[in-house]
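These are the residues of each chain, in order.
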Amino acid sequence: MHATIAVLPGDGVGSEVIGCAVKVLRMVASHGGHTLEFREALIGGGAIDAVGHPLPESTLALCQDSDAVLFGAVGGPKWDDPRANVRPEQGLMALRKGLDLFANLRPVKLNASLLPASRIKPEIIAGTDLVIVRELSSGIYYGRRGRGEQEGDLMAYDTMAYTVPEIERVMHVAFRLARKRRGKLTSVDKANVLEVCRLWREVASKTAAEYPHVALEHLLVDATAMHLIRRPREFDVIVTSNMFGDILTDEAAMLSGSLGMAPSASLGTGSQGLYEPIHGTAPDIAGRDIANPIAAILSVALLLRHSLDLEEEACAVEAAVDKVLSDGYRTADIAQEGTVTLGTVEMASRIVDALAG
Ligand code: NAD
């Protein structure tokens, strides 16, 4: 197979972990006889410094013209002035919009040897294997907002709105995923209070009719926050709106012990997708070769699975990560007593070696 991959390392540890992810992809390609063409471009703070814009037009065009985008992270103290007109994260938001990516997938699966690294008791967390599907391109982050005056006091407002087609399309992604997995979908809302969530619930129930082999349950977002900690194993696929998903995915990421372990995929209607670790640019550890590259490397597995339809290769990458962890190698963020701590580059080399077999 031949595919073009846009590579956007971004800022801080972004470039460190994406360098590792590309090494893994190169090994997958050479092993399986695939031709992957990598094309690197600027985004975020680096792009602001270079050309004054967090998403240069040339970067968007390159991504639109690629089969998949591998993205690191953007931002950092240098660009952190909240009053600035151009901010690094605007680049990522514009890229998601520009590629019409509306479903963000965040798997949480715990390697057995990492059980002690989790903040949750092993008997509760063992066997957890879930995916959160977060609506990504609408809802309160994109609604009407502003400031005004109410009875003489300064006030501000943000609005959460969803159209039926916006809910339907993310539901279909979630139902299809649940159908391929264990056949259970939990739709998360706040339908006891919010009208937009009552519509969300109606559309979820209606869409369920098209997926008879998937069992749909509805759960309130506050209850979900609790059950993710109390009984994470019982979830299969969770689908929710943009802001609820933003919060629940960070909570769920911590189940696996470190932000440095959590990959993500952002998908639209076709096979094109954007793949990124969920962590940020980690300015506190950037440039020291100690960041965990596994979230970026597991994002490569998602890229192979969802954009290139290379399931076998995706599983091989996941198995290589599992092997290196089971062999007792760790980065500093997940180090335990009796394990060997490696730097970013060396951890990636071990995974590449495990892939080479
Ligand atoms: P962060 O995810 O960068 O870091 C949070 C904590 O997790 C830090 O202690 C960090 O050292 C640790 N961490 C993160 N990635 C790690 C890895 N791979 N290995 C080991 N430890 C890791 O979040 P933050 O500190 O809130 O944000 C820092 C910057 O990143 C900010 O400018 C923020 O806007 C940006 N950010 C960007 C994205 C993105 O581009 N998608 C996401 C989140 C934050």
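Going by the structure above, here's the rest.
Quantities reported herein were computed from a predicted structural model and do not represent experimental measurements.

## Describing the layout of surface pockets
Gaps left between atoms show up when a probe the size of a water molecule is rolled over them. Roughly 760 Å³ of volume is contained in the largest pocket. Lining the largest pocket are 26 residues, and of these Pro107, Lys109, Asp129, Arg305 and Glu318 sit closest to its centre. Taken together, the elements giving at least two residues each to the lining of the largest pocket come down to strand S4 (103-109), strand S5 (129-135), helix H6 (164-180), helix H10 (294-306) and helix H11 (311-326). A per-element tally of the lining of the largest pocket places H11 first, with five residues. Among the domains, domain 1 (1-112 + 259-357) and domain 2 (119-256) are the pair contributing at least three residues each to the lining of the largest pocket. Approximately 600 Å³ is the volume attributed to the second largest pocket.

## Re the pairing of strand S3 (residues 68-73)
Burial analysis of S3 places six of its six residues in the buried class, which makes it a mostly covered element. In the sheet, strand S1 (residues 2-10) pairs with S3 via five bridges, with the strands oriented parallel. Bridged to Val7 within S3 is Leu70. With three bridges connecting them, S3 and strand S12 (residues 273-277) associate as parallel partners. Each bridged residue has a counterpart across the sheet, and for Ala68 the counterpart in S12 is Gly273.

## What to know about the pattern of salt bridges
A full pass over the atoms with the stated rule returns 21 salt bridges. In this structure, the salt-bridge partner of Asp327 is Lys323, at a minimum N-O distance of 2.6 Å. Judged by its relative accessible area of 45%, Lys323 is partly exposed.

## Comments concerning the site of the ligand
The environment of the ligand is made up of 19 residues, and the closest members are Val74, Gly280, Ala282, Asp284 and Asn292. A distance of 3.2 Å separates a nitrogen atom of the ligand from a polar atom in the side chain of His279. Residue Ala282 places a main-chain N or O atom 2.8 Å away from an oxygen atom belonging to the ligand. The protein chains hide 67% of the 800 Å² of surface that the ligand would expose on its own. Tallied by class, the residues present in the shell around the ligand amount to nine nonpolar, seven polar and three charged.

## Observations regarding empty space enclosed by the protein
Under the defined criterion, the tally for this structure stands at one cavity of 30 Å³ or more. Put simply, the largest cavity is a space of about 30 Å³. What lines the largest cavity is Arg106, Pro107, Val108, Thr249, Ala253, Ala262, Pro263 and Ile278. Elements with a minimum of two residues in the lining of the largest cavity: S4 and helix H9 (242-255). A per-element tally of the lining of the largest cavity places S4 first, with three residues. Each residue belonging to the lining of the largest cavity can be placed in one class, and the counts come to six nonpolar, one polar and one charged.

## Details of unusual backbone geometry
Although it is not a glycine, Asp289 adopts a positive phi angle of roughly 55°. Even without a glycine there, the phi angle at Asp309 is positive, about 55°. With respect to the helices and strands, Asp309 occurs in the loop between H10 and H11. Judged by its relative accessible area of 66%, Asp309 is exposed.

## A look at the packing of aromatic side chains
For the coordinates displayed, the defined rule picks out two aromatic pairs. Between Phe175 and Tyr211, the aromatic rings sit 4.9 Å apart at their centres with planes inclined by 10°, giving stacked as the arrangement. One end of the pair, Phe175, is in helix H6; the other, Tyr211, is in the loop between helix H7 (195-208) and strand S9 (215-220), and 36 residues separate them in sequence. Taking the relative accessible area as the measure of exposure, Tyr211 reaches 7% and is therefore buried.

## Re helix H3 (residues 57-64)
An α-helical turn contains 3.6 residues, so any two residues separated by three or four positions project in the same direction. Regarding H3, the residues found buried are Thr59, Leu62 and Cys63. Burial along H3 is one-sided: seen end-on, the buried residues are contained in an arc of 100°. Facing away from the buried side of H3 by more than 90 degrees, the exposed set consists of Glu57 and Ser58. Those residues of H3 that are buried are in contact with S1, strand S2 (35-40), S3 and helix H4 (88-98).

## Focus on the nonpolar core
In terms of nonpolar packing, the biggest core is built from 94 residues, with Ile5, Val24, Leu70, Leu105, Val133, Leu304 and Ile351 touching the most fellow members. Broken down by element, the residue count for this core peaks at ten residues, all from helix H1 (residues 13-32). If you count residues domain by domain, this core takes at least three from each of domain 1 (1-112 + 259-357) and domain 2 (119-256). If sequence neighbours within four positions are ignored, Val24 has contacts with Ile297, Val300, Val317, Ile351, Val352 and Leu355.

## A few points about the packing of H6 against H7
It is the contact of H6 with H7, at a shortest axis distance of 9 Å, that shows an interaxial angle of 50°. Comparing their axes, H7 and H6 come out oblique. Here H6 runs over H7; the crossing is right-handed. Every residue of H7 that contacts H6 at Val164, Ile167, Glu168, Val170, Met171, His172 and Phe175 is listed here: Leu199, Trp200, Val203, Ala204, Thr207 and Ala208. For the contact of H6 with H7, a count of residues per class yields ten nonpolar, two polar and one charged.

About the thresholds
Residues numbered from 1 in each chain as written. Predicted model: local features only at pLDDT ≥ 70, side-chain atom pairs only at ≥ 80, totals over all residues. Heavy atoms only, no water. 1 Å grid on protein atoms, 1.4 Å probe; cavity = no way out; pocket = protein on both sides within 12 Å on 5 of 7 lines; lining within 4 Å. Points joined across faces, edges and corners; volume = space filled by probe spheres on them. Helix = DSSP H or I, 4+ residues; strand = E, 2+ residues; numbered from the N terminus. Domains from an automatic or database assignment. Buried < 20%, exposed > 50% of the residue type's maximum accessible area, 1.4 Å probe, protein only. Pairing = 2+ DSSP bridges. Salt bridge = Lys/Arg side-chain N within 4 Å of Asp/Glu carboxyl O. Near = heavy atom within 4 Å. Polar contact = N/O pair within 3.5 Å; in protein donor to acceptor, adjacent residues only side chain to side chain. Areas by Shrake-Rupley, 256 points an atom, 1.4 Å probe, with all protein chains shown as cover. Nonpolar A, V, L, I, M, F, W, Y, C, P; charged D, E, K, R; others polar. Phe/Tyr/Trp six-rings, centres within 6.5 Å; stacked < 30°, edge-to-face > 60°. Arc of directions from axis to C-beta. Contact = heavy atoms within 4.5 Å. Core = buried A, V, L, I, M, F, W, Y, C linked by side-chain atoms within 4.5 Å. Axes fitted to C-alpha atoms, helices over the stretch in contact; angles between N-to-C directions. Parallel < 35°, antiparallel > 145°, perpendicular 65-115°, else oblique. Left-handed = near helix turned anticlockwise from the far one by under 90°.

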